[in-house]
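Residues per chain are reported as follows:
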Amino acid sequence: MALTRCSWLFLSATFLSAGADFTITPEPAQPAEGDNVTLAVRGLTGELLAYSWYAGPTLSLTYLVASYIVSTGDETPGPAHTGREAVLPDGGLHIQGALPGHSGTYILQTLNRQLQTEVGYGHLQVYEMLAQPVVMANSTALVERRDTLRLVCSSPSPAEVRWFFNGEALPIAIRLGQSPDGRALTRHGVRREEAGAYQCEVWNPVSVSRSEPVNLTVYYGPERVAILQDSTTRTGCTIKLDFNTSLTLWCVSQSCPEPEYVWAFNGRALKNGQDHLNISSMTAAQEGTYTCIAKNPKTLLSGSASVVIKLSAAAAAMTVVPVPTRPTEGQDVTLTVLGYPKDLLVYAWYRGPASEPNRLLSQLPSGNWIAGPAHTGREVGFANCSLLVQKLNLTDAGRYTLKTVTVQGKTETLEVELQVALLE
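Bear in mind the structure is a predicted one, so any value in this text is a computation, not a measurement.

Enquirer: Quick rundown of the state of the cysteines? Include the residues and the values.
Expert: Evaluation of the coordinates by the stated rule reveals two disulfides. A sulfur-sulfur separation of 2.0 Å characterises the disulfide bridge that pairs cysteine 153 with cysteine 200. Looking along the S-S bond of the cysteine 153-cysteine 200 disulfide, the torsion reads about 70°, which is the right-handed sense. Here cysteine 153, found in strand β13 (residues 149-154), pairs with cysteine 200, found in strand β17 (residues 196-204); they are 47 residues apart in sequence, far enough to count as distant. Like cysteine 200, cysteine 153 is buried. At a sulfur-sulfur separation of 1.9 Å, the disulfide partner of cysteine 251 is cysteine 292. A torsion of -90° about the S-S bond marks the disulfide between cysteine 251 and cysteine 292 as left-handed. Of this pair, cysteine 251 sits in strand β22 (residues 247-256) while cysteine 292 sits in strand β26 (residues 288-295), and the two are 41 residues apart along the sequence. Given the relative accessible area of 0%, cysteine 292 is considered buried. The thiol sulfur of cysteine 256 is not disulfide-bonded, and the nearest other cysteine sulfur, from cysteine 251, lies at 17 Å.

Enquirer: Pulling in residues and values, what's your account of the packing of aromatic side chains?
Expert: Applying the stated criterion across every chain, the model contains three aromatic pairs. When the ring of tyrosine 51 is compared with that of tyrosine 68, the centres are 5.8 Å apart and the planes differ by 10°; the resulting orientation is stacked. With tyrosine 51 in strand β4 (residues 48-55) and tyrosine 68 in strand β5 (residues 64-69), the pair connects residues that are 17 residues apart, well separated along the chain. When its relative accessible area of 5% is taken as the criterion, tyrosine 51 is described as buried. Here the aromatic rings of phenylalanine 165 and tyrosine 198 are separated by 4.9 Å at their centres, their planes lie at 50°, and the arrangement is tilted. Separated by 33 residues along the polypeptide, phenylalanine 165 in strand β14 (residues 160-165) and tyrosine 198 in strand β17 bring together distant segments of the chain. We classify phenylalanine 165 as buried; its relative accessible area is 11%. Residue placement shows arginine 192 over the ring face of tyrosine 220; its charged tip is 3.9 Å from the ring centre. In this structure, arginine 210 packs its charged tip against the face of phenylalanine 164, placed 3.6 Å from the ring centre.

Enquirer: Could you give an account of the confidence of the model for the chain, naming the residues involved and the relevant values?
Expert: Across the chain, the average pLDDT comes to 89, with 93% of residues at or above 70. Every residue in residues 1-18 is under pLDDT 50, and counting partners more than four places away or in other chains gives 32 contacts.

Enquirer: Describe the sheet that holds strand β27 (residues 302-311), listing the residues and the values that go with them.
Expert: Strand order in the open sheet formed by five strands is β21-β27-β26-β23-β24, and the pairing between neighbours is mixed. In the strand order of this sheet, the two ends are held by β21 (238-241) and β24 (268-269), each with one partner. Bridge analysis of strand β23 (residues 260-265) against β24 gives two bridges, and the strand direction is antiparallel. Its bridge partner lying in β24, phenylalanine 265 is registered against arginine 268.

Enquirer: Give me the lowdown on the sheet that holds strand β32 (residues 369-371), citing residues and values where you can.
Expert: Here we have five strands laid out as an open sheet, ordered β32-β31-β30-β35-β36, and antiparallel in their pairing. Both edges of this open sheet fall to β32 and β36 (411-418), since each of them pairs with a single strand only. Between one strand axis and the next, the sheet turns by 15° as a mean value, whatever way the strands run. Sheet topology places strand β30 (residues 344-351) next to strand β35 (residues 398-406); seven bridges connect them, and they run antiparallel. Residue pairing for β35: tryptophan 349 is matched across the bridge by leucine 402.

Enquirer: Residues and numbers for the domain arrangement of the chain, please.
Expert: According to the domain assignment, the chain contains domain 1 (23-124), domain 2 (134-212), domain 3 (225-311) and domain 4 (319-418). Here the C-alpha centroids of domain 3 and domain 4 sit 40 Å apart.

Enquirer: Report on a nonpolar patch on the surface, specifying residues and quantitative values.
Expert: Side chains of Val134, Met136 and Val152 sit close together on the surface and give an oily, nonpolar patch of about 260 Å² of accessible area. Relative to the elements of secondary structure, valine 152 occurs in strand β13.

Enquirer: Go over the environment of threonine 289 with me, naming the residues and quoting the values.
Expert: Locating threonine 289 in the fold gives a position in strand β26. A residue is classified by how much of its surface remains accessible, and threonine 289, at 30% relative accessible area, is partly exposed. Sequence separation between threonine 289 and arginine 268 is 21 residues, and the spatial gap between their C-alpha atoms is 10.0 Å. Contacts of threonine 289, omitting those with residues within four sequence positions, involve Ala264, Phe265, Asn266, Ser306, Val307 and Val308.

About the criteria used
Residues numbered from 1 in each chain as written. Predicted model: local features only at pLDDT ≥ 70, side-chain atom pairs only at ≥ 80, totals over all residues. Heavy atoms only, no water. Disulfide = S-S within 2.5 Å. Helix = DSSP H or I, 4+ residues; strand = E, 2+ residues; numbered from the N terminus. Buried < 20%, exposed > 50% of the residue type's maximum accessible area, 1.4 Å probe, protein only. Phe/Tyr/Trp six-rings, centres within 6.5 Å; stacked < 30°, edge-to-face > 60°. Lys NZ or Arg CZ within 6 Å of the ring centre and 35° of its normal. pLDDT = per-residue confidence, 0-100. Contact = heavy atoms within 4.5 Å. Pairing = 2+ DSSP bridges. Axes fitted to C-alpha atoms, helices over the stretch in contact; angles between N-to-C directions. Domains from an automatic or database assignment. Patch = residues over 30% accessible without salt bridge, like charges linked within 9 Å, V, L, I, M, F, W, Y side chains within 5 Å. Areas by Shrake-Rupley, 256 points an atom, 1.4 Å probe, with all protein chains shown as cover. Salt bridge = Lys/Arg side-chain N within 4 Å of Asp/Glu carboxyl O.

As structure tokens, this is what we get:
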């Protein structure tokens, strides 16, 4: 008995269908696009006359792929035939170079010699080979705790999405900001620890593709502004320097990007835009408060730190100035000492080199002074180490030496040349 396509369709619509005892499974089970796929049928029984395959949810002519007459091997394509399908003699359906569009429900309807039909259902999922996704960001440079980060994984495929941060699986804290479908990532008040490389990956059972990284910068600070001296934090401290010594102060902070620096001395801005400040040849004029101000051009925040710098107790440069500077014969002259040690213990004046025979006088810790071997009766000592020589004569001209000793035992010697002009 030969059946035409029309009589087969008529029969299938006229007679009741029996429940199917056969199964339909795709081979391979998880095909990728371009694979050859067979919907294999197992469990067919009885003497069958014809097969009809449908690619859709119902037995509708619209979904008919093809009808097949078993006795003749004739196949008649239907409206849903794509040119890739072929019905096999054993009832299976072969799809050459399957595409994702072939995915869906498939129905096989069989007709036996008793003109009874059976219907079986199967499902085919053809997985596409995924193109590389792209991470789209609202911005790649954000300010900490102020800005919101929004990342979107853009892919034409409905595949599953997962995110990576610096090459590792996204931390749980960041994953909490994902959208239900996993394709969008939102972080309100972004944190500095969230700066880094973000990637998204799309995947299915046969393909995986990861995006190029998008690098996020998070601006913050400046915080913990501090002033260092020789790697030691000196913020808020008083630094004591000896006279004529040098010092370099460094300003450090936690900031992204590196801040701009401004130094101030006693509240007055200095012409220094560097992260360090050099103080050379320390003098009393350089005593005061030094402040470093760090400014972040991105966050528009700033911070500062200060130190106080003073001359040490024995640091003032000791100098001797004759007053008057050019005394004449018969005048009094004071060898005035400037910058004498504040922690002075004793001092002595000498007429010439600092040796005992040349000692004019000594100042004791009690404040009293005693005359030395070279004292002429015209010399007087003062608490500030100055020496008064009265009623000068020409023999008083020459070298005078001052020797000081501090409480700490530091000894300093200073010489001065006295000139006496002839009285005209």
